[in-house]
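Spelled out, the chains give:
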Amino acid sequence: MEIDFDRVSRYEPSTATGGQPASVLVPVVDTEPSLVFTKRAEELPDHPGQMSFPGGRREPGDRSRLVTACREADEEIGLAADEVAVAGRLDDIRTVTDFTVRPYVVRVPDREYEPTSPEVAAVAVLPVSALTDPGNYTVETRDDRRIEYFRVDGYTVWGATARILARFLVLATDWERERAQRE
C-alpha cells in the first residue's frame, strides 16, 4: 500500500478552538508503510491503556504546536525532532476530555522504537495494509456518537486516535470508510 504524501502536504486542515491545546505526530515508516503508536500506561489518569499517537499537552515553553508534538514524541519513544520530516497536517479534533488535538503527519526512520517514559507501556508499529483491511475495522454508535475501531496484532485503536487514523487513511491511501464498513 502506497502513502500519498503529496495529498497530505496539499491538504488544507481545519483548525479548532477551545479546549486544552495538544499535538500528536502521526509517524509513518516508509519502508513497508507502517504507523508508530504508543500504548498508554494503565496507571495514567487520562485514557489509561489506550492506543495513541506520540504527543501530548502543550507546555508554556513550547514555541509551536509542532514543537509540542516533537517534544512529547522524544520524551515518550525517543524520537528526536531531527529524525522527523513533516509531510503535512490533519484537521484539529476535539476530544471528550476537552483537548483540541493537532495531528502532524511525519516520516520517521525505520528503526526500533521503545518506551522512554513511564507514561508509555508499549510501542506498536502497525502496517498500513493491516489498518486498511476491512476485516480489522468496525464502527459502533453510542449515545449518538460514531466510534471507530481498528484491531490489528492484538491492539485496538479507537476514540480520538481512531478518528485521526481514519482521516489519515482516507487522505493518504485508497481506503474508504464506507466501503470498509460494508465489507
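Throughout, a residue's number is its position along its own chain's written sequence, starting from 1. A pLDDT threshold of at least 70 governs which residues receive local features in this predicted model, and a stricter bar of 80 or more applies before side-chain atom pairs are shown or counted, although totals over entire chains, interfaces and linings include all residues. Note that the side-chain values use all heavy atoms of the structure and ignore hydrogens as well as water.

> If you had to explain the nonpolar core to someone new, which residues and values would you point to?
Leu 35, Phe 37, Val 105, Leu 131, Phe 150, Leu 165 and Phe 168 are the most contacted members of the largest nonpolar core, which has 35 residues in total. Segments assigned H or I by DSSP are reported as helices when at least four residues long, segments assigned E as strands when at least two residues long, and all are numbered from the N terminus. For this core, the element with the highest residue contribution is helix α4 (residues 159-172), accounting for 8 residues. Among all residues touching Phe 37, those that are not within four sequence positions of it are Met 51, Ser 52, Phe 53, Ala 122, Val 123, Ala 124, Leu 126, Leu 131, Val 157, Thr 161 and Leu 165. Within this scheme, the nonpolar core is defined by two criteria: the residues are buried Ala, Val, Leu, Ile, Met, Phe, Trp, Tyr or Cys, and they are joined through side-chain atoms within 4.5 Å. We call a residue buried when its accessible area falls under 20% of the maximum for its residue type, exposed when it is over 50%, and partly exposed in between, using a 1.4 Å probe and counting protein chains only. Residues count as neighbours in contact if any of their non-hydrogen atoms are within 4.5 Å of one another.

> Account for the environment of Thr 100, with residues named and values stated.
Mapped onto the elements of the fold, Thr 100 is located in strand β7 (residues 99-108). Residue Thr 100 is classed as buried on the basis of its relative accessible area of 2%. Residues within four places of Thr 100 in sequence aside, it is in contact with Ala 16, Thr 17, Gly 18, Gly 19, Gln 20, Pro 21, Ala 22, Arg 65, Asp 92, Ile 93 and Arg 94.

> Lay out the sheet that holds strand β11 (residues 155-158) with the relevant residues and their values.
Consider a sheet: its strands pair through backbone hydrogen bonds, and that pairing is either parallel or antiparallel. The 3 strands lie next to each other as β9-β10-β11, forming an open sheet whose pairing is antiparallel. The strands lining the two open edges of the sheet, one partner per strand, are β9 (137-142) and β11. Adjacent strand axes in the sheet meet at a mean angle of 25° when their direction is disregarded. A strand pair is defined by DSSP finding two or more bridges across the two strands. Pairing analysis gives 4 bridges linking strand β10 (residues 145-152) to β11, with the strands arranged antiparallel. Note on β11: the bridge partner recorded for Val 152 is Tyr 155. Only the stretch in contact is used when fitting a helix axis, every axis being a line fitted to C-alpha atoms; angles between N-to-C directions are given from 0 to 180 degrees. Against the sheet, α4 touches β10 and β11, its axis set at about 80° to β10.

> Which residues make up the pairing of strand β2 (residues 34-40), and what values do they have?
Most of β2 is tucked away, with 5 of its 7 residues classed as buried. In this sheet, β2 lies alongside strand β1 (residues 20-29) in antiparallel orientation, the contact comprising 2 bridges. Paired with Val 29 across the bridge in β2 is Ser 34. Hairpin connection of β1 to β2: 4 residues between the antiparallel strands. Note: β2 against strand β8 (residues 120-127), 7 bridges, orientation antiparallel. Residue pairing in the sheet places Leu 35 in a bridge with Leu 126 of β8. Across 2 bridges, the pairing between β2 and strand β3 (residues 51-52) is antiparallel. Of the residues in β3, the one forming a bridge with Thr 38 is Ser 52.

> Which residues make up unusual backbone geometry, and what are the values?
If a residue is not glycine, its phi is most likely negative; likewise, a peptide bond is most likely trans. Backbone geometry places Asp 98, a non-glycine residue, at a positive phi of 65°. Given a relative accessible area of 37%, Asp 98 falls into the partly exposed group. At Asp 143, a position not held by glycine, the phi torsion is positive, near 50°. Tracing the chain through its elements places Asp 143 in the loop between β9 and β10. With a relative accessible area of 74%, Asp 143 lands in the exposed category.

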